[in-house]
Amino acid sequence: MSLRAKLTTGTAAAASLLLLAGTAAAKQPGAPGIGDPYYPNAGNGGYDVSHYDIRLNYQPATDNLSGTTTILARSTQDLNRFNLDFVLKASSVRVNNKVASFTQADGELVVDPKGTLREGSDLTIVVTYSDVPSSRSLGGFTAWKRIPDGALAIDEPDIAPWWFPSNNHPTDKATFDVSVAVPDGVEVLSNGIFNGTTKQINGWTRWWWRSLKPQTTYLAFIAIGQFEIRRSTAPNGQPVINAYSERLGEDAGAAKASVERTSEVVEFLEEKFGPYPFEAQGGVVTPGIGFALENQTRSTYDPAFFRRGTNTYVVAHENAHQWFGDSVSVHGWKDIWLNEGFASYAEFLWSEHVGEGTAQENAEFIYDLYAADHPFWTVLPGDPGPENQFDGAVYDRGALAVHALRVAVGDEDFFSILKGWTAHKRYGNASVEEFIAFAEKVSGEQLDELFKTWLFTPSKPAAAPGRDGEF
Ligand code: ARG
Ligand code: ZN
């Protein structure tokens, strides 16, 4: 029954129900999750963040991380309470300059501001904290990584709660200022523009970084340790900052020979995807990550990628994510194919560019690699489930799906789809369904069957896309 229906019944019981409902309406807590079925606690309801100012101090010797994050946000409903995603121990919270009470459990910082925040209000949320991030786990997992010379805040889908309080979901993007003070002689890398270092009174140095474009929380990173930093200018005039751990050992040469080519890779990808969406370029290579990640403007790489020698494919993959993942971000984590399928396909394009095999040859190779009874074909790239979010099938079969599209619509429409999509959704969020609709609109073709075959069927498709005229 609607409130209006209750009102018109006119009975005493209905009136008191209405009164109760009215009281409840005045107290409107923001939801503890933003509504992502894969991660029900990810993000929060009731507000939208526009900027994070993260100002920290880090002592590598003890792993103590302390400081203040100031969040600029706007309430999207009346709020008597709201959540931030955070695992570190907070010591104080202020909302619009007034002290707020708060509790913390299970990765949620629950804030009770003084009074009710009206819908559409500007919020300034100041959270002060001091903790040892490596000592905090959530669901048995610690995303913060300590390394012998410092620490790394690099992970997907969750890293933010180990270093700053946030609305931790890709649908709430914001600009970032990140500064970290460390003992003199330690380096700090983060996203975007480098605003230099300043001497602190205590013999520490503060490093200043700024992301000028909307950025998701999982793509914000810090890498603290002993790094060789190389600065240059890309052909398009943008600043390039690369950093190499002093502990790369025998991988140092191959790592530099690969990552120093970042702006060449970006220049190539611009031809395929349209203008590079961000203000700076670069890469960071350090032991202790265990994977590579497309941190906005400055991807990060484990040196294992360069163990055999040069590897520009991983550079192409992570930089393709700057368009597919970082600028155009998933609407929900189920849409991960929009990131990994296209970044993996960029490796096919790069392979063709450097003369090491056409996209068609790469697609056939992957298709033939897995027999029909291989579990590879049971994972649906279009909705893999949280356990399989980074399964090889999301990457490899995901790339085959992109190639199947190319074969079906032809090169001209295919590259207009890619360029049109990255322009249309720039700095936004998107779902797999929206991509399919967009591809259909641009090509004028009905593509449901194709995407059902390549993204949503738990078995091996009958033929490799493009082989003997098949798609
Ligand atoms: N997006 C990253 C890549 O493309 C993968 C990150 C995997 N995350 C993880 N926690 N293993 O390579
Ligand atoms: Zn990837």
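Because the structure is predicted, anything quoted here is derived from the model rather than measured.

## Details of the pattern of salt bridges
Stage number 1. Enumeration over the complete set of coordinates arrives at 18 salt bridges.
Stage number 2. A salt bridge links R230 to E228; the shortest N-O distance between them is 2.8 Å.
Stage number 3. Owing to a relative accessible area of 32%, R230 belongs among the partly exposed residues under this scheme.
Stage number 4. E228 sits in the partly exposed class, given a relative accessible area of 27%.

## Let's talk about the coordination of the zinc ion (ligand 2)
Stage number 1. The protein atoms that coordinate the zinc ion (ligand 2) are H317 (NE2), H321 (NE2) and E340 (OE), at distances of 1.9 to 2.0 Å.
Stage number 2. Classification of the site at the zinc ion (ligand 2) as tetrahedral follows from its 4 donor atoms and the range of 100 to 119 degrees in their angles at the metal.

## Topic: the pairing of strand β4 (residues 90–95)
Stage number 1. As paired elements, β4 and strand β7 (residues 122–131) share 5 bridges and run antiparallel to each other. Bridging from a neighbouring strand, V93 pairs with V127 of β7.

## Quick word on the packing of aromatic side chains
Stage number 1. Considering all chains together, one arrives at 32 aromatic pairs under this definition.
Stage number 2. Geometrically, the ring pair formed by Y276 and W323 is edge-to-face, given 5.5 Å between the ring centres and 75 degrees between the ring planes. With Y276 in the loop between α4 (262–273) and β17 (281–285) and W323 in the loop between α5 (312–320) and β20 (329–330), the pair connects residues that are 47 residues apart, well separated along the chain. Both residues of the pair, Y276 and W323, count as buried.
Stage number 3. Between F376 and W377 the ring centres are 4.9 Å apart and the planes differ by 90 degrees, which places this aromatic pair in the edge-to-face class. For the pair formed by F376 and W377, the shared burial category is buried.
Stage number 4. One aromatic cluster in this structure is built from F273, Y276, F278, W323, F324, W337, F342, W421, Y427, F435, F438 and F451.
Stage number 5. When the ring centre of F415 is taken as origin, the NZ or CZ atom of K272, which lies over that ring, is 5.2 Å away.
Stage number 6. K460 extends its terminal NZ or CZ atom over the ring of Y367, reaching a point 4.2 Å from the ring centre.

## Quick look at the nonpolar core
Stage number 1. Residues F273, W337, L405, F435 and F451 are the most contacted members of the largest nonpolar core, which totals 67 residues.
Stage number 2. Among the elements that take part in this core, helix α8 (residues 392–424) stands out by supplying 14 residues, more than any other.

## Quick word on the environment of H321
Stage number 1. Looking at the element boundaries, H321 is found in the loop between α5 and β20.
Stage number 2. We classify H321 as buried; its relative accessible area is 0%.
Stage number 3. Separated by 27 residues in the primary sequence, H321 and E294 place their C-alpha atoms 6.0 Å from one another.
Stage number 4. Ignoring sequence-local partners within four residues, the contact set of H321 consists of E294, D326, S327, N339, E340 and A343.
Stage number 5. In this structure the side chain of H321 is engaged in a polar contact, spanning 3.1 Å, whose partner is the side chain of H317.

## Observations concerning the layout of surface pockets
A probe matching the size of a water molecule, rolled over the atoms, marks out where space remains unfilled.
Stage number 1. By volume, the largest pocket is sized at about 250 Å³.
Stage number 2. When contributions to the lining of the largest pocket are tallied by element, the ones reaching two or more residues are β18 (292–293), α5 and α6 (337–353).
Stage number 3. Take the lining of the largest pocket: its biggest share by element is 4 residues, from α5.
Stage number 4. Among the residues making up the lining of the largest pocket, the classes are represented as 8 nonpolar, 3 polar and 6 charged.
Stage number 5. Forming the boundary of the second largest pocket are Y39, P40, N41, A42, D85, D106, G107, E108, L138, D158, P161 and N168.
Stage number 6. Residues that form the lining of the second largest pocket fall into these classes: 5 nonpolar, 3 polar and 4 charged.

## Overview of the confidence of the model for the protein
Stage number 1. Here the protein averages 94 in pLDDT, and 94% of its residues register 70 or above.
Stage number 2. For the stretch residues 1–24, pLDDT sits under 50, and the model shows 7 contacts to residues farther than four places along the chain or on other chains.
Stage number 3. Taken over the whole predicted complex, pTM reads 0.93, whereas the ipTM for its chain interfaces reads 0.96.

## Examining helix α3 (residues 252–259)
Stage number 1. Counting buried residues in α3 gives 6 out of 8 residues, a clear majority hidden from the surface.
Stage number 2. Every buried residue belonging to α3 is among A252, A254, A255, K256, S258 and V259, and all of these are buried.
Stage number 3. Each element contacted by the buried residues of α3 is listed here: β15 (227–233), β16 (239–245), α4, β17, β19 (299–301) and α5.

## Quick word on the sheet that holds strand β9 (residues 150–153)
Stage number 1. If you walk across this open sheet you meet the 4 strands as β8-β9-β14-β11, and the pairing is antiparallel. Among the strands making up the open sheet, the edge pair consists of β8 (145–147) and β11 (187–189). With direction set aside, neighbouring strand axes in the sheet form an average angle of 20 degrees.

## Regarding the site of ligand 1
Stage number 1. Taken together, the residues surrounding ligand 1 are D155, E156, F291, A292, L293, E294, H317, E318, H321, E340 and Y395.
Stage number 2. Within the contact set of ligand 1, a nitrogen atom lies 2.6 Å away from a side-chain nitrogen or oxygen of E156.
Stage number 3. Take A292: an N or O atom from its main chain is 3.1 Å from an oxygen atom of ligand 1.
Stage number 4. Protein contact buries 81% of the 340 Å² of open area that ligand 1 shows by itself.
Stage number 5. For ligand 1, the cavity whose grid points lie within 2 Å of the majority of its atoms is the largest pocket.
Stage number 6. When contributions to the shell around ligand 1 are tallied by element, the ones reaching two or more residues are β18 and α5.
Stage number 7. Its residues placed into classes, the shell around ligand 1 shows 4 nonpolar, 2 polar and 5 charged.

## Topic: the pairing of strand β1 (residues 47–59)
Stage number 1. Summarising the sheet, β1 and strand β2 (residues 64–75) pair through 12 bridges and their orientation is antiparallel. Within the sheet, the bridge partner assigned to L56 lies in β2 and is G67.
Stage number 2. Where β1 folds back onto β2 in an antiparallel hairpin, the turn is made up of 4 residues, including D63, whose phi is positive at roughly 65 degrees.
Stage number 3. Note: β1 against strand β10 (residues 174–183), 7 bridges, orientation parallel. Following the sheet pairing, D53 is matched in β10 by D177.

Here is what the cut-offs are and how they apply
Residues numbered from 1 in each chain as written. Chains lettered and ligands numbered in written order. Predicted model: local features only at pLDDT ≥ 70, side-chain atom pairs only at ≥ 80, totals over all residues. Heavy atoms only, no water. Salt bridge = Lys/Arg side-chain N within 4 Å of Asp/Glu carboxyl O. Buried < 20%, exposed > 50% of the residue type's maximum accessible area, 1.4 Å probe, protein only. Donors = N, O, S within 2.8 Å, 3.2 Å for Na, K, Ca; no water. Tetrahedral: all angles 85-135°; square planar, octahedral: opposite > 155°, others 65-115°. Pairing = 2+ DSSP bridges. Helix = DSSP H or I, 4+ residues; strand = E, 2+ residues; numbered from the N terminus. Phe/Tyr/Trp six-rings, centres within 6.5 Å; stacked < 30°, edge-to-face > 60°. Lys NZ or Arg CZ within 6 Å of the ring centre and 35° of its normal. Core = buried A, V, L, I, M, F, W, Y, C linked by side-chain atoms within 4.5 Å. Contact = heavy atoms within 4.5 Å. Polar contact = N/O pair within 3.5 Å; in protein donor to acceptor, adjacent residues only side chain to side chain. 1 Å grid on protein atoms, 1.4 Å probe; cavity = no way out; pocket = protein on both sides within 12 Å on 5 of 7 lines; lining within 4 Å. Points joined across faces, edges and corners; volume = space filled by probe spheres on them. Nonpolar A, V, L, I, M, F, W, Y, C, P; charged D, E, K, R; others polar. pLDDT = per-residue confidence, 0-100. Axes fitted to C-alpha atoms, helices over the stretch in contact; angles between N-to-C directions. Near = heavy atom within 4 Å. Areas by Shrake-Rupley, 256 points an atom, 1.4 Å probe, with all protein chains shown as cover. Sits in = over half its atoms within 2 Å of the grid points.

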